[in-house]
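A structural walkthrough
These are the residues of each chain, in order.
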Amino acid sequence: MIKSVDLLNKTKEILDKDEISEQDLNNIEHLTLNKYKLSGKESDINLSELYLFKNLRTLTLINFSINKDFIMIINELKFLWAIQFSSCNFEDVVPINQSVSQLIFDYCKNFKCELINNNKIIKIIGSEVDLKQLNKIDNTKELYLQDCKIKNTEEILKYNRLELLNLDGSNVENDNILDKLDKRIRVYFKDEYHPVGGV
């Protein structure tokens with residue numbers, strides 16, 4: 001069972017129960033975890049314990065350091081379809097499973113394009129993105145590059161399955177390229193990025 005006191009308490013809170021069984025963990029489909037408590041102190045949450053939540057569908061992680069061991073765990077979660085990393089620090093780069101349809105990187109440190117693996121909806125917020133390195137998006141339908149510094153913009157012309165491209169608040173190296181995009185792609189490019197909800 002769960003060894004982390006803070007993760008166990010979070011689980012009890014979600015399920016509104018004092019005693020938690022393995023079956024109870026299978027009932028949790030949505031989980032939001034923060035490395036820091038409201039007091040500002042670090043929690044004792046160990047992300048390696050997420051393998052216990054076998055039916056997880058959405059996961060939001062805030063302020064965690066992400067390593068390859070953890071990415072391997074989330075790649076094993078069969079039902080996970082959306083994950084958001086907020087203010088996380090990536091120590092390693094391992095592609096995240098293609099079966100995760102929605103992938104959000106929200107002001108993360110050490111973000112690398114190699115984390116992406118043909119996910120359907122990709123949101124990268126507040127990072128530097130070299131589109132020459134963002135080459136595994138053949139199945140991507142929606143691409144959000146918001147409040148980003150974007151290099152090698154001409155690569156966007158290769159993304160032929162896109163249905164939506166959002167560049168709100170981004171600094172685009174060559175925005176003339178946008179006029180050459182397929183007219184079927186809905187393009188949003190406001191001067192400022194205004195955040196909306198996560199997963």
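1. Re the sheet that holds strand β4 (residues 82–86)
Ordered by their spatial adjacency, eight strands build an open sheet running β1-β2-β4-β6-β7-β9-β11-β13, and the pairing between neighbours is parallel. Each having just a single partner strand, β1 (30–34) and β13 (186–188) make up the two edges of the open sheet. Shown here is a sheet whose adjacent strand axes are inclined to one another by a mean of 5°, direction ignored. In the sheet, strand β7 (residues 121–125) pairs with strand β9 (residues 142–146) via five bridges, with the strands oriented parallel. Within β9, the residue paired with I125 across the bridge is Q146.

2. With respect to the packing of aromatic side chains
Per the counting criterion, the structure on display carries four aromatic pairs. Summarising the aromatic geometry, the rings of F85 and F90 are spaced 5.1 Å apart at their centres and angled 70° between planes, so their arrangement reads as edge-to-face. The exposure classification of F85 matches that of F90, with both residues buried. The structure contains a cluster of three or more aromatic residues connected by ring pairs, namely F85, F90, F105 and F111. Note that K123 overlies the ring of Y144, its terminal NZ or CZ placed 4.7 Å from the centroid.

3. Section: the confidence of the model for the chain
Low pLDDT marks stretches whose predicted atomic positions should not be read closely. The predicted model of the chain has a mean per-residue pLDDT of 92, with 98% of residues at 70 or higher. Per-element mean pLDDT across the chain ranges from 91 in strand β12 (residues 171–172) up to 98 in strand β2 (residues 58–62).

4. What about the environment of S86?
On the secondary structure map, S86 appears in strand β4. For S86, a relative accessible area of 10% translates into the label buried. Taking C-alpha positions, S86 is 15 Å from E128, a pair spaced 42 residues apart along the chain. Polar contacts involving the side chain of S86 include one to the side chain of Q84, which spans 3.0 Å.

5. Remarks on the nonpolar core
F53, L59, L61, I66, F85 and F105 are the most contacted members of the largest nonpolar core, which totals 55 residues. Breaking this core down by element, the ones donating at least two residues are β1, β2, α3 (68–76), β4, β6 (102–106), β7 and β9. Tallying contributions element by element places α3 first for this core, with three residues. When near neighbours in sequence (up to four residues on either side) are disregarded, F105 contacts F85, F90, I96, F111, L115, I116, K123, I124 and I125.

Cut-offs used in this document
Residues numbered from 1 in each chain as written. Predicted model: local features only at pLDDT ≥ 70, side-chain atom pairs only at ≥ 80, totals over all residues. Heavy atoms only, no water. Pairing = 2+ DSSP bridges. Helix = DSSP H or I, 4+ residues; strand = E, 2+ residues; numbered from the N terminus. Axes fitted to C-alpha atoms, helices over the stretch in contact; angles between N-to-C directions. Phe/Tyr/Trp six-rings, centres within 6.5 Å; stacked < 30°, edge-to-face > 60°. Buried < 20%, exposed > 50% of the residue type's maximum accessible area, 1.4 Å probe, protein only. Lys NZ or Arg CZ within 6 Å of the ring centre and 35° of its normal. pLDDT = per-residue confidence, 0-100. Polar contact = N/O pair within 3.5 Å; in protein donor to acceptor, adjacent residues only side chain to side chain. Core = buried A, V, L, I, M, F, W, Y, C linked by side-chain atoms within 4.5 Å. Contact = heavy atoms within 4.5 Å.

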